[in-house]
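Single-letter residue listing:
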Amino acid sequence: MGMIYIVLMPLFGLLFTAGVIYLIVYLVRNKEQKINLGTNTLLHIYLHIMSFATLAIAVIGATIFINASASYKFGIPFSYQIYEYSEEPVIDERTGEIDITNNKTELVCYEGELTNIEGKDVCFDTTKQRKGIVNGATLTISMLILFAIHRIAILFLEKKGTIMWLKKAYNFISLILYSTLSIIALPIATYLLINYIYFKPENLDRIETPGGAIALALVSIPLWIVFLISTLRLREKKEK
């Protein structure tokens, strides 16, 4: 799941830059037209920003949920990184020193706990799956509800007048976000899935898990298509 954050953080900077460039280009091409930053316009801006943010967070939640669900269907190594245990010498409780008489060792996990997965003893946090299901579902549902509320408010306000430059900016920036996520996630998911199916290593801790990338692709690609269609429809429209 760390890949998601590695991808998203630079994207927000890119999207901010793209938004500024779009606004500058719009102002240059419409020098004679003044932008009214009254209460109505500011409310429109607020609703579009919140719609963008809540949908983006919902995507993260849905990715976490799908990844966790896939681990129950296809196995823990499909979705989560597994770690190798360490063998350490047993400490004598009486002396506090290493017990060298019997050369005994104990299995120690620095991450998670000792768990038997696919007949092998490995280190894994057994709560990750349940946390992924609960946290992912909670995040997705709550954000989708907030997204729906803000979109309904936008539709209500647009009955009295549409701020076309803002609507185009919203669709354009969303298109950049979800197209970039799809373009990145799709080849990575394909590569990892092929390696998981055909070249899965015997050591579970060396597996490159495809679950997160596949989940991200499944969520981002439909949104890419939706915003692409929406942007194409707005291309020829003029501001009311």
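Refer to the structure presented above.
Residues numbered from 1 in each chain as written. Predicted model: local features only at pLDDT ≥ 70, side-chain atom pairs only at ≥ 80, totals over all residues. Heavy atoms only, no water.

A. The pairing of strand β4 (residues 120-124), seen in detail. Bridging between strand β3 (residues 113-117) and β4 involves five bridges; their strand directions are antiparallel. Across the sheet, the residue bridging to isoleucine 117 is lysine 120, located in β4. (Pairing = 2+ DSSP bridges. Helix = DSSP H or I, 4+ residues; strand = E, 2+ residues; numbered from the N terminus.)

B. Molecular detail of unusual backbone geometry. Its identity is not glycine, yet glutamate 118 carries a phi of approximately 55 degrees, on the positive side. Checked against the element boundaries, glutamate 118 lands in the loop between β3 and β4. Residue glutamate 118 is classed as partly exposed on the basis of its relative accessible area of 48%. (Buried < 20%, exposed > 50% of the residue type's maximum accessible area, 1.4 Å probe, protein only.)

C. Layout of the packing of helix α2 (residues 39-74) against helix α6 (residues 211-234). The geometry of α2 relative to α6 is characterised by a closest axis approach of 8 Å and an angle of 140 degrees between their N-to-C directions. Regarding α2 and α6, the two cross each other, and that crossing is right-handed. When α2 is examined against α6, the residues Leu55, Val59, Ala62, Thr63, Ile66 and Asn67 are found in contact with a partner set consisting of Gly211, Gly212, Ala215, Leu216, Leu218, Val219, Leu223 and Phe227. Partitioning the contact of α2 with α6 into residue classes produces 10 nonpolar, four polar and no charged. (Axes fitted to C-alpha atoms, helices over the stretch in contact; angles between N-to-C directions. Left-handed = near helix turned anticlockwise from the far one by under 90°. Contact = heavy atoms within 4.5 Å. Nonpolar A, V, L, I, M, F, W, Y, C, P; charged D, E, K, R; others polar.)

D. Broad picture of the packing of aromatic side chains. A full pass over the atoms with the stated rule returns five aromatic pairs. Taking 5.9 Å as the distance between ring centres and 50 degrees as the angle between the ring planes, the aromatic pair formed by tyrosine 80 and phenylalanine 124 counts as tilted. In this pair, tyrosine 80 is assigned in the loop between α3 (76-79) and β1 (86-89) and phenylalanine 124 in strand β4, connecting sequence segments 44 residues apart. The residues tyrosine 80 and phenylalanine 124 share a single accessibility class, namely buried. When the centroid spacing of 6.0 Å and the interplanar angle of 70 degrees are considered together, the rings of tyrosine 170 and phenylalanine 227 count as edge-to-face. Taken together, the residues span a long stretch of sequence, with tyrosine 170 in helix α5 (residues 164-198) and phenylalanine 227 in helix α6 at a distance of 57 residues. The burial state of tyrosine 170 is the same as that of phenylalanine 227; both residues are buried. Taken together, the aromatic side chains of Phe74, Phe78 and Tyr196 make up a single cluster linked through ring pairs. (Phe/Tyr/Trp six-rings, centres within 6.5 Å; stacked < 30°, edge-to-face > 60°.)

E. Up close: helix α4 (residues 128-158). In this model, α4 (31 residues) spans 43 Å end to end at C-alpha, consistent with the 45 Å of a helix rising 1.5 Å per residue. Residues of α4 that are buried include every one of Gln129, Gly132, Gly136, Thr140, Met143, Phe147, His150, Ile154, Leu157 and Glu158, and no others. Along its buried surface, α4 packs onto α2, α3, β4 and α5. (Expected span 1.5 Å × (residues − 1).)

F. Local environment of the state of the cysteines. Under the defined criterion, the tally for this structure stands at one disulfide. Two residues share a disulfide in this structure: cysteine 109 and cysteine 123, whose sulfurs sit 2.0 Å from each other. Of note, the bridge from cysteine 109 to cysteine 123 carries an S-S torsion of about -85 degrees and is left-handed in sense. Here cysteine 109, found in the loop between β2 (105-108) and β3, pairs with cysteine 123, found in strand β4; they are 14 residues apart in sequence, far enough to count as distant. (Disulfide = S-S within 2.5 Å.)

Everything listed here is a matter of coordinates, which is why it stays silent on function.
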